[in-house]
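# A closer look at the structure
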Amino acid sequence: MLDFFTILTKGGIVLWSKSFTRITSSPVNSLIGDVLIEERAGENSYTKDSYSLKWTFANELDLIFVAAYQKILQLAYIEELLATVKKFFCDKFANFIKDSGKLHKFDFDEDFGAILNKIEEKDSKSHEKLSKPRPFEKTKKFKETAEGSKKLSVSDISKPPTNPIISEDEIARNIEELHRYNGKRGRGGRKQSGTGRPNVSSDEKKQARKKTMRVWDDKVSKAEMESLDYSGDKGDSDKSSSVDPQNLVDQNQLGQFQDGYYEVQDIGQDDDEDEFEEDDYNETNDTSVENNSGSSILSFFKSITGQKEITEQDLVPVLAKMKEHLIKKNVAADIAAHLCDSVARNLVGQKTGSFKSIQSTVKQSMEMSLKRILTPKTSVDLLRDIAQAQSDSRPYTICFIGVNDLTSTNLSKTCFWLLQNGLKVLIAACDTFRSGAVEQLRVHVRNLNALGQNSNVELYERGYGKDAAGIAKDAINYAKINKFEVVLIDTAGRMQDNEPLMRALAKLVSVNNPDKIIFVGEALVGNEAVDQLTKFNQALKDFSGLQNPRHIDGMILTKFDTVDDKVWRK
């Protein structure tokens, strides 16, 4: 039984909707936020609470048709219903939809009810046919008998039912039946790309580095002994006078000050030739042009005048090349497939602009999709947020979380950027589990203070074996009393499946409520970072005990130089 059906524009305006029962939540809003905006429109269905939703696009009119029903039901006619309603609604109200000067009322209740009744009646009849048992003469067992082998051939045996794609003829027949039902006069109605690793030429392969021979004896030279001697004055970590700032940082890698703010230097990019060019698309279509020169000339003039309608056949070679291009740039194969499917569903039925090819249209749509996905939902201007916190007479807190051996170093890098912008920073050593974690932060603080005359950073520590949530709370109070502007909270690294440690992390976040929660991941693990981020975020929600729990606000990916040249180079 259908629960809800709605027709809306891609801009969010609801043109028509009908509810058959009381809707307990807002599944359509969740569909828009979780699927359409996130460019997951290539999926076939979406489940929210107790509802399953299916949808289709009318890209020529920028419409979305959505059907919702209980997820425990198996309604096989939903695709046919969506296709029929889409065809009938667009044919009947196309002029009203294109007239954007005023709002129109769409009287569609009776037509929709007639379409739904016809399709449900046809579906029930098909179920009755399938529910009837077949006679023994039409089964495979009969063919195995001596009599059956003489009378029946392979074509006589019924094949199992399939679920074909709804054809245009089927939609046209449904609309003609609807016109007859209302007493009206009816109207007539990819290039295969490999998903494996890209071929790498021999000249692009890196030469193996030669290994140095290991010394297996127990003899240690005098110079090595002195370099390993940290006793006496050499081991005093509080003395920063002996530290040479020139040895701590490469001056050529530092950023620049622009308009009073410190800007980090961008990673250099090689101007490699783009592999996704117009010529590649033209080469894939050489055979089709030779076979049908007349239609190609007509398509050429239509593309010039902006009247060419994009079809699925037009998109197959372009999206195949686009998918291959994304995979070569180290995008996961399933993510690349989802992106291409979403772009295809958004472009089928649209018309190309004047002097604009399908290749450029697909590329522009892909760029818009990626921008929409990567646009953050919260503010990423930390300096503006820190200034707002200063106006409220409180320190701005940032909590760094992640797996083992990642948070401390990246916290220090963030602290360096904050110090270059003239901020007073307090580092809270909340990693009370790993041996040497506090000493590591102490060395970072010493080196950061030695980098500049205006550097003002301190370390708040309470040793090992203490409650991390309590240390973070005391550090925030200490920062508020001593006029620190930013508090950076360092936490112990933990695996995403360690429930006791994840509960402790959720407690730290819920007790102190930091302004930003930053997850630190490494690019070396590849797609495993997605699993880590998802489980960390879910743990903060599950173990917080709050009605509106916090979630991760941002992510820092490190160790890009350990993966491959193509990751950071392009």
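The following paragraphs examine the structure supplied in this document. Computed from a predicted structure; not experimentally measured. (Residues numbered from 1 in each chain as written. Predicted model: local features only at pLDDT ≥ 70, side-chain atom pairs only at ≥ 80, totals over all residues. Heavy atoms only, no water.)

### Quick look at the packing of aromatic side chains
Counted by the stated rule, this structure contains 17 aromatic pairs. An aromatic cluster of three or more residues is present, and its members are Phe-5, Trp-16, Phe-20, Phe-65, Phe-88, Phe-89, Phe-93, Phe-96, Phe-106, Phe-108 and Phe-112. Seen from the ring of Phe-484, Lys-424 lies directly overhead, with NZ or CZ sitting 4.5 Å from the centre. (Phe/Tyr/Trp six-rings, centres within 6.5 Å; stacked < 30°, edge-to-face > 60°. Lys NZ or Arg CZ within 6 Å of the ring centre and 35° of its normal.)

### Looking at the pairing of strand 1 (residues 2-9)
Most of strand 1 sits out of view: eight of its eight residues are buried. Bridge count between strand 1 and strand 5 (residues 63-70): seven bridges; the pairing is antiparallel. The residue bridging Phe-5 from the neighbouring strand is Ala-67, located in strand 5. With five bridges joining them, strand 1 and strand 2 (residues 14-19) adopt antiparallel strand pairing. From the neighbouring strand, Thr-6 faces strand 2, where its bridge partner is Ser-17. In this structure, the hairpin formed by strand 1 and strand 2 is closed by a connection of four residues, where Gly-12 is found at a positive phi of approximately 100°. (Buried < 20%, exposed > 50% of the residue type's maximum accessible area, 1.4 Å probe, protein only. Helix = DSSP H or I, 4+ residues; strand = E, 2+ residues; numbered from the N terminus. Pairing = 2+ DSSP bridges.)

### Quick word on the packing of helix 18 (residues 499-512) against helix 19 (residues 528-542)
Where helix 18 meets helix 19, the closest approach of the two axes is 8 Å, and the angle between their N-to-C directions is 60°. Seen from above, helix 18 lies across helix 19 with right-handed handedness. Across the interface between the two elements, Met-502, Leu-505, Ala-506 and Val-509 from helix 18 touch Lys-535, Phe-536, Ala-539 and Leu-540 from helix 19. Of the residues contributing to the contact of helix 18 with helix 19, the split by class is seven nonpolar, no polar and one charged. (Axes fitted to C-alpha atoms, helices over the stretch in contact; angles between N-to-C directions. Left-handed = near helix turned anticlockwise from the far one by under 90°. Contact = heavy atoms within 4.5 Å. Nonpolar A, V, L, I, M, F, W, Y, C, P; charged D, E, K, R; others polar.)

### Digging into a nonpolar patch on the surface
A surface patch of nonpolar side chains, amounting to about 320 Å² of accessible area, comprises Met-1, Ile-72 and Leu-73. Take Met-1: it is sitting in the segment before strand 1. Residue Met-1 is classed as exposed on the basis of its relative accessible area of 53%. (Patch = residues over 30% accessible without salt bridge, like charges linked within 9 Å, V, L, I, M, F, W, Y side chains within 5 Å. Areas by Shrake-Rupley, 256 points an atom, 1.4 Å probe, with all protein chains shown as cover. Salt bridge = Lys/Arg side-chain N within 4 Å of Asp/Glu carboxyl O.)

### A closer look at the nonpolar core
Counting 55 residues, the largest nonpolar core has Ile-401, Val-425 and Leu-488 as the members making the most contacts within it. In terms of residue count, the dominant contributor to this core is helix 17 (residues 468-481) (seven residues). In contact with Leu-488, not counting residues within four places along its chain, are Ile-398, Phe-400, Leu-411, Cys-415, Leu-418, Val-425, Leu-426, Ile-427 and Ala-428. Among the nonpolar cores identified, the runner-up in size contains 34 residues, and Ile-78, Leu-82, Cys-90 and Ala-114 belong to it. (Core = buried A, V, L, I, M, F, W, Y, C linked by side-chain atoms within 4.5 Å.)

### Some thoughts on helix 15 (residues 407-420)
Between the first and last C-alpha of helix 15 there are 20 Å, a value that for 14 residues agrees with the 20 Å anticipated at 1.5 Å per step. Across the 14 residues that make up helix 15, a large majority, ten, are buried. When helix 15 is considered as a whole, its buried residues turn out to be Thr-407, Ser-408, Asn-410, Leu-411, Ser-412, Thr-414, Cys-415, Phe-416, Leu-418 and Leu-419. Where helix 15 terminates, the next one or two residues include Gly-422, which has phi positive at roughly 75°. (Expected span 1.5 Å × (residues − 1).)

### Section: empty space enclosed by the protein
Considering only enclosed or pocket space, the largest cavity measures out at about 70 Å³ in volume. If you trace the largest cavity, you find it lined by Asn-404, Asp-405, Leu-406, Thr-407, Ser-408, Thr-409, Asp-431, Arg-434, Gln-440, Thr-491 and Gly-493. For the lining of the largest cavity, the element with the most residues is helix 15, which contributes three residues. When the residues that make up the lining of the largest cavity are grouped by side-chain class, the tally is one nonpolar, seven polar and three charged. (1 Å grid on protein atoms, 1.4 Å probe; cavity = no way out; pocket = protein on both sides within 12 Å on 5 of 7 lines; lining within 4 Å. Points joined across faces, edges and corners; volume = space filled by probe spheres on them.)

### With respect to the environment of Ala-506
Within the secondary structure layout, Ala-506 lies in helix 18. As a C-alpha pair, Ala-506 and Pro-549 span 43 residues in sequence and 9.4 Å in three-dimensional space. When neighbours within four sequence positions are excluded, Ala-506 is seen to be in contact with Ala-539, Leu-540, Phe-543 and Ser-544.

### Some details on the pairing of strand 12 (residues 516-522)
Most of strand 12 sits inside the fold, with seven of its seven residues counted as buried. Side chains Lys-516, Ile-518, Val-520 and Glu-522 project from strand 12 onto one buried face, and the interleaved Ile-517, Phe-519 and Gly-521 project onto a second face that is buried too. As paired strands, strand 8 (residues 396-402) and strand 12 are joined by five bridges and run parallel to one another. Bridge pairing in strand 12 places Cys-399 opposite Ile-517. Pairing analysis gives five bridges linking strand 12 to strand 13 (residues 554-558), with the strands arranged parallel. Opposite Val-520, over in strand 13, you have Ile-556 as the bridge partner. Handedness of the crossover joining strand 12 and strand 13 through helix 19 is recorded here as right-handed. (Right-handed = clockwise from strand over helix to strand, strands pointing away.)

### Here we look at the sheet that holds strand 5
Strand order in the open sheet made by the five strands is 2-1-5-4-3, with antiparallel pairing throughout. Two strands in the sheet have a free side with no partner beyond their single neighbour: strand 2 and strand 3 (46-48). If you compare each strand with its neighbour and ignore which way they point, the axes differ by 20° on average. Here strand 4 (residues 51-58) runs beside strand 5; their pairing, made up of eight bridges, is antiparallel. What sits directly across from Ala-58, in strand 5, is Leu-63.

### Some remarks on the sheet that holds strand 8
One open sheet accounts for six strands, arranged 10-9-11-8-12-13; its pairing is parallel. Looking at the sheet topology across the chains shown, the edges are occupied by strand 10 (457-460) and strand 13. Within the sheet, the average angular offset between the axes of one strand and its neighbour, ignoring direction, is 25°. As paired elements, strand 8 and strand 11 (residues 486-490) share five bridges and run parallel to each other. Bridge pairing in strand 11 links Ile-398 to Leu-488. In the packing of helix 19 onto the sheet, contacts are made with strand 8, strand 12 and strand 13, and the angle to strand 12 comes to roughly 150°.

### Considerations on the packing of helix 11 (residues 312-328) against helix 12 (residues 333-347)
Where helix 11 meets helix 12, the axes come as close as 9 Å, and the angle between the chain directions of the two elements is 150°. Judged by the inter-axis angle, helix 11 sits roughly antiparallel to helix 12. Seen from above, helix 11 lies across helix 12 with right-handed handedness. Facing Leu-315, Leu-319, Met-322, Lys-323, Leu-326 and Ile-327 of helix 11, the residues of helix 12 in contact are Ala-333, Ala-336, Ala-337, Leu-339, Cys-340, Val-343, Ala-344 and Leu-347. (Parallel < 35°, antiparallel > 145°, perpendicular 65-115°, else oblique.)

### Some remarks on unusual backbone geometry
We note that Asp-62 has phi near 55°; this positive angle belongs to a residue other than glycine. Structurally, the position occupied by Asp-62 is in the loop between strand 4 and strand 5. Residue classification places Asp-62 among the partly exposed residues on the basis of a relative accessible area of 37%. We note that Lys-483 has phi near 65°; this positive angle belongs to a residue other than glycine. Assignment of secondary structure puts Lys-483 in the loop between helix 17 and strand 11.

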